[in-house]
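Per-entry structural report
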Amino acid sequence: LRCVMCYTDCFNRPDNIRDELPTHDILRILDELADAGCVELCLTGGEPLSRSDFFDIYEHAKAKGFLITVFTNGTLVTEEIADRFASLPPHRIEISLHGLTERTFEEVTQGKGSHQRCMSAIRLLLDRKLPVLLKTTAMTVNKDEILSIKRYVDGLGSVGYKLGEEMRPTLDGSDAPGRFGLSQTELLELNRQDSALWDEACAKDALEGTLTCQSGKRTFHIDAYGQIQLCSGNRRQGYDLRRGSFKEGFYDHLPTFPCPAKAGPHATLIQPSVSHA
């Protein structure tokens with residue numbers, strides 16, 4: 001897909017895809033993460049199911065005992081794939097549902113037929129009683145359907161829902177996704193119309209400024225090319241896991257990487273303890 005707000009789509013090119021880690025390097029890195037004591041693992045993209053070796057990676061991670069979350073757009077989920085997930089259930093599967101109608105959904109994804117395939121994936125996974133969370137990014141192109149999406153999810157029983165509001169610049173530095181963002185007034189009005197969304201927004205505001213960022217201490221990001229970085233939103237600097245070990249990257253290099261959010265006169269460098277991926 002070519003989602004209009006996607007910050008990684010600029011890397012969706014043949015030269016970048018050819019440079020992605022091969023299977024054997026990913027399996028080795030997973031072994032190193034497990035040996036270091038990592039517990040939680042999120043497999044994301046782009047679209048992780050577009051890799052032909054996805055289940056080689058997923059099943060290896062399951063065998064290592066990781067608590068796995070999979071981020072997907074759902075469009076590649078077939079009966080066979082749903083059955084494979086059911087045979088080795090993840091902790092959670094999160095699917096992006098950016099529109100309830102085909103018109104709005106595909107205005108976001110720019111992929112013909114993507115709405116039908118995504119809705120089919122939701123049914124296939126729920127039929128197998130897999131843990132699913134649906135999520136929407138609030139944008140100008142879908143703002144009139146968000147409450148309808150929320151009501152649809154509420155009618156699915158145990159399915160969770162998450163509303164995202166952040167528009168990230170693309171990885172090549174463009175702020176193009178920002179043109180789809182809603183104003184704070186629009187977001188406030190939207191959240192006020194649903195009690196659960198309003199409670200979540202209020203809780204988020206109450207915690208603003210009180211939480212300590214755990215990137216580089218308890219959490220980290222590894223991109224498709226083997227670079228370990230502070231987080232998916234901060235890829236300014238990386239350590240190449242194709243040439244060095246995870247422990248070297250995490251303990252010796254990651255704490256030294258720059259982060260504007262942590263800069264300031266009272267910033268301190270804390271030696272991390274490994275617990276999450």
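**Here we look at the overall build of the protein chain**
Helix and strand counts for the protein chain come out as 10 helices and eight strands. In summary, the protein chain has a C-alpha radius of gyration of 19 Å against a globular reference of 19 Å for 277 residues, a match within 12%. Judged by the C-alpha coordinates and their principal axes, the protein chain covers about 50 × 50 × 35 Å. Going through the 277 residues of the protein chain one by one, you find that 43% of them count as buried. A fraction of 68% describes how many contacts in the protein chain between residues 6 or more apart in sequence connect residues 24 or more apart. Averaging the locations of the 32 positively and 39 negatively charged side chains of the protein chain gives two centres separated by 1 Å.

**Overview of the packing of helix α5 (residues 102-109) against helix α6 (residues 114-127)**
Two numbers describe how α5 lies on α6: the axes approach to 8 Å, and their chain directions differ by 105 degrees. Judged on the interaxial angle alone, α6 and α5 are roughly perpendicular. Residues E102, F105, E106 and T109 of α5 lie in contact with α6, whose contacting residues are S114, H115 and C118.

**Some thoughts on the sheet that holds strand β3 (residues 92-96)**
Across the sheet, which stays open at both edges, the five strands sit in the order β1-β2-β3-β4-β5 with parallel pairing between neighbours. Lying at the two open borders of the sheet, with one neighbouring strand each, are β1 (40-43) and β5 (160-164). Put simply, the sheet's adjacent strands are angled 20 degrees from each other on average, direction ignored. Of the pairings in the sheet, the one linking strand β2 (residues 67-72) to β3 comprises four bridges and is parallel in character. Opposite F71, over in β3, you have E94 as the bridge partner.

**Focus: the side chain of Q229**
Among the secondary structure elements, Q229 is positioned in strand β7 (residues 227-229). Taking the relative accessible area as the measure of exposure, Q229 reaches 4% and is therefore buried. When sequence neighbours within four positions are dropped, the list of residues in contact with Q229 reads F220, H221, D223, N234, R235, Q237, G238 and L254.

**Observations concerning the state of the cysteines**
Within the structure shown, the criterion is met by zero disulfides. This cysteine, C3, is not joined by any disulfide, and C6 carries the nearest cysteine sulfur, 6.2 Å off. There is no disulfide at C10, and the cysteine sulfur nearest it, in C6, is 7.9 Å away. Classification of C10 by relative accessible area gives buried; the value is 16%.

**Some thoughts on a negative patch on the surface**
Judged by side-chain charge, E165, E200, D205 and E208 come together as a negatively charged surface patch. Tracing the sequence through the fold places E165 in the loop between β5 and α8 (184-192).

**Some details on the nonpolar core**
In this structure, L33, F85, L125, L134 and F246 are the most contacted members of the largest nonpolar core, which totals 57 residues. C3, V108, M167 and F180 belong to the second-largest nonpolar core, a separate cluster that totals eight residues.

**Looking at the environment of L97**
Relative to the assigned elements, L97 resides in the loop between β3 and α5. Given the relative accessible area of 0%, L97 is considered buried. Counting along the chain gives 11 residues from L97 to V108, while the straight-line C-alpha distance between them is 9.9 Å. Sequence-distant contacts of L97, that is, excluding residues within four places in its chain, are made with F105, C118, M119, I122, L134, K135, T136, I149 and Y152.

So, how was this worked out
- Residues numbered from 1 in each chain as written.
- Predicted model: local features only at pLDDT ≥ 70, side-chain atom pairs only at ≥ 80, totals over all residues.
- Heavy atoms only, no water.
- Helix = DSSP H or I, 4+ residues; strand = E, 2+ residues; numbered from the N terminus.
- Rg over C-alpha atoms; globule rule 2.2 N^0.38 Å.
- Buried < 20%, exposed > 50% of the residue type's maximum accessible area, 1.4 Å probe, protein only.
- Contact = heavy atoms within 4.5 Å.
- Lys, Arg positive; Asp, Glu negative; His and termini not counted.
- Charge placed at Lys NZ, Arg CZ, Asp CG, Glu CD.
- Axes fitted to C-alpha atoms, helices over the stretch in contact; angles between N-to-C directions.
- Parallel < 35°, antiparallel > 145°, perpendicular 65-115°, else oblique.
- Pairing = 2+ DSSP bridges.
- Disulfide = S-S within 2.5 Å.
- Patch = residues over 30% accessible without salt bridge, like charges linked within 9 Å, V, L, I, M, F, W, Y side chains within 5 Å.
- Areas by Shrake-Rupley, 256 points an atom, 1.4 Å probe, with all protein chains shown as cover.
- Salt bridge = Lys/Arg side-chain N within 4 Å of Asp/Glu carboxyl O.
- Core = buried A, V, L, I, M, F, W, Y, C linked by side-chain atoms within 4.5 Å.

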